Amino acid sequence: MADLKALHDAILTGDAKVAKSATEAALGEGVEPMALVQDTMMPAMDEVGKRFECNEYFVPELLLAARAMKASLELIRPLLAAGGVEPAGRVAIGTVKGDLHDIGKNLVAAMLEGGGYEVIDLGVNVDPQKFVAAVKEKNARIVAMSALLTTTMPAMKTTIDALRQAGLRDQVKVMVGGAPVNESYAREIGADGFSRNAAGAVAAARAL
Ligand code: B12
């Protein structure tokens, strides 16, 4: 049976090597890639966050855990993206200005690719004008923004305002997400869609 606890603990302790081998083993045994992310890896990251909150972990431990999570996701991403069929539209995705968290954003990007979307990944710390440029120059039909910090959530609204000022708000749908973001905040800032997780992001994009 797949040793999911080994994967969980490898992320928790920031052991990228074990995270990778445990992921390979679990996938080899037929564990569903998305189930691995949601039932094993995300809970490990949540535990990392809790330890950080109570000063048991500090930034170096966060970085190590993120590295282990990424090592595992490198194996999972292509599997998520492999399901794609016909191009469903072009999405410009990025983590908003001031924010460097990209694990969730990368997962959402992979799921959207798997859902048939062409994804333009603008990276992290994305200036509102860069989102505007992606809509103008690359003709993105959906802008997807991620924020993991309460202090960077307002940058989502700033970006929506920038799209409006550029006269582009009517030709693009805006989708937001990230741990501190919820449905009512999405509505409050004038976004068109929200999802709590990567799996729901595809459904949210379709609904738009
Ligand atoms: C790993 C991590 C880091 C890593 C990030 C590495 C990387 N490359 O991403 C590093 C070490 C860089 C980091 C730095 C910091 N971090 Co940090 N970090 C985390 C941690 C532990 C995990 C985040 C993560 O990757 N989760 C796993 C992914 C898969 O989940 P997710 O991002 O939530 O994404 C899912 C959904 O939210 C959703 N989603 C995400 N984006 C989008 C977008 C769309 C469009 C949609 C539809 C859905 C969607 O789908 C995803 C998949 O299901 C969290 C704690 C936590 N549990 O969230 C703290 C946390 C977010 N960090 C925190 C803090 C405070 C910081 C620092 C300020 C610490 C410091 N003192 O320097 C810095 C800020 C740096 C910056 N300017 O961004 C706090 C934020 C508190 C707050 N209320 O704002 C948290 C909550 C920890 C805590 N409990 O205190 N961090």
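What counts, and at which threshold
Residues numbered from 1 in each chain as written. Predicted model: local features only at pLDDT ≥ 70, side-chain atom pairs only at ≥ 80, totals over all residues. Heavy atoms only, no water. Helix = DSSP H or I, 4+ residues; strand = E, 2+ residues; numbered from the N terminus. Rg over C-alpha atoms; globule rule 2.2 N^0.38 Å. Buried < 20%, exposed > 50% of the residue type's maximum accessible area, 1.4 Å probe, protein only. Contact = heavy atoms within 4.5 Å. Areas by Shrake-Rupley, 256 points an atom, 1.4 Å probe, with all protein chains shown as cover. Near = heavy atom within 4 Å. Polar contact = N/O pair within 3.5 Å; in protein donor to acceptor, adjacent residues only side chain to side chain. 1 Å grid on protein atoms, 1.4 Å probe; cavity = no way out; pocket = protein on both sides within 12 Å on 5 of 7 lines; lining within 4 Å. Sits in = over half its atoms within 2 Å of the grid points. Nonpolar A, V, L, I, M, F, W, Y, C, P; charged D, E, K, R; others polar. Donors = N, O, S within 2.8 Å, 3.2 Å for Na, K, Ca; no water. Points joined across faces, edges and corners; volume = space filled by probe spheres on them. Pairing = 2+ DSSP bridges. Axes fitted to C-alpha atoms, helices over the stretch in contact; angles between N-to-C directions.

Along the backbone of the protein there are nine helices and five strands. Reading the protein from its N terminus to its C terminus gives the helix and strand order α-α-α-α-β-α-β-α-β-α-β-α-β-α. For the protein, the C-alpha radius of gyration of 17 Å lies close to 17 Å, the compact-globule estimate for 208 residues. For the protein, the proportion of its 208 residues judged to be buried stands at 45%. Long-range pairs, those at least 24 residues apart, make up 72% of the contacts in the protein between residues at least 6 apart in sequence. Carbon and sulfur atoms form 53% of the exposed surface of the protein, whose accessible area is close to 10400 Å².

Turning our eyes to something else, we now look at unusual backbone geometry. Trans is the prevailing form of peptide bonds, just as negative phi is the prevailing case for residues other than glycine. Residue Asn 55 is not a glycine yet carries a positive backbone phi of 60°. In this fold, Asn 55 is placed in the loop between helix H3 (33-53) and helix H4 (59-81). Despite not being glycine, Asn 139 shows a phi value in the positive range, around 60°. Looking at the secondary structure, you find Asn 139 in the loop between helix H6 (128-138) and strand E3 (142-146).

Residues in contact with the ligand amount to 38 residues; listed here are only the nearest, Glu 53, Leu 100, His 101, Asp 102 and Ser 146. One of the side-chain nitrogen or oxygen atoms of Ser 146 is found 2.7 Å away from a nitrogen atom of the ligand. Taking a 2 Å distance to the grid points as the criterion, the majority of the atoms of the ligand fall inside the largest pocket. Broken down by element, the shell around the ligand gets its largest block of residues, seven residues, from H3. Of the residues contributing to the shell around the ligand, the split by class is 22 nonpolar, 10 polar and six charged.

All right, on to the coordination of the cobalt atom of the ligand then. Just one protein atom donates to the cobalt atom of the ligand; it is His 101 (NE2), sitting 2.3 Å from the metal. Along the chain, the position of His 101 falls in the loop between strand E1 (89-95) and helix H5 (103-114).

Space inside the largest pocket adds up to approximately 1400 Å³. Taken together, the elements giving at least two residues each to the lining of the largest pocket come down to H3, H4, H5, E3, strand E4 (173-177) and helix H9 (198-207). In terms of residue class, the lining of the largest pocket is made up of 27 nonpolar, nine polar and seven charged. Considered as a void within the structure, the second largest pocket measures approximately 180 Å³ in volume. Considering the residues around the second largest pocket, the lining is formed by 14 residues, among which Arg 141, Gln 171, Val 172, Lys 173 and Leu 208 are closest to the centre. Looking at the lining of the second largest pocket, its residues break down into six nonpolar, two polar and six charged.

Moving on: the sheet that holds E3. Spatially, the five strands line up as an open sheet ordered E2-E1-E3-E4-E5, and their pairing is parallel. Each end of this open sheet is capped by a strand with a single partner; those strands are strand E2 (117-121) and strand E5 (193-194). H6 contacts E1, E2 and E3 of the sheet and is inclined by roughly 165° relative to E1. In the packing of H9 onto the sheet, contacts are made with E2, E3, E4 and E5, and the angle to E4 comes to roughly 160°.

It is worth spelling out the side chain of Lys 105 at this point. With respect to the helices and strands, the residue Lys 105 is situated in helix H5. Within the structure, the side chain of Lys 105 is placed 2.9 Å from the side chain of Asp 121, a separation counted as a polar contact. Apart from the residues within four sequence positions on either side, Lys 105 is in contact with Ile 93, Gly 94, Thr 95, Asp 121, Gly 123 and Ser 146.

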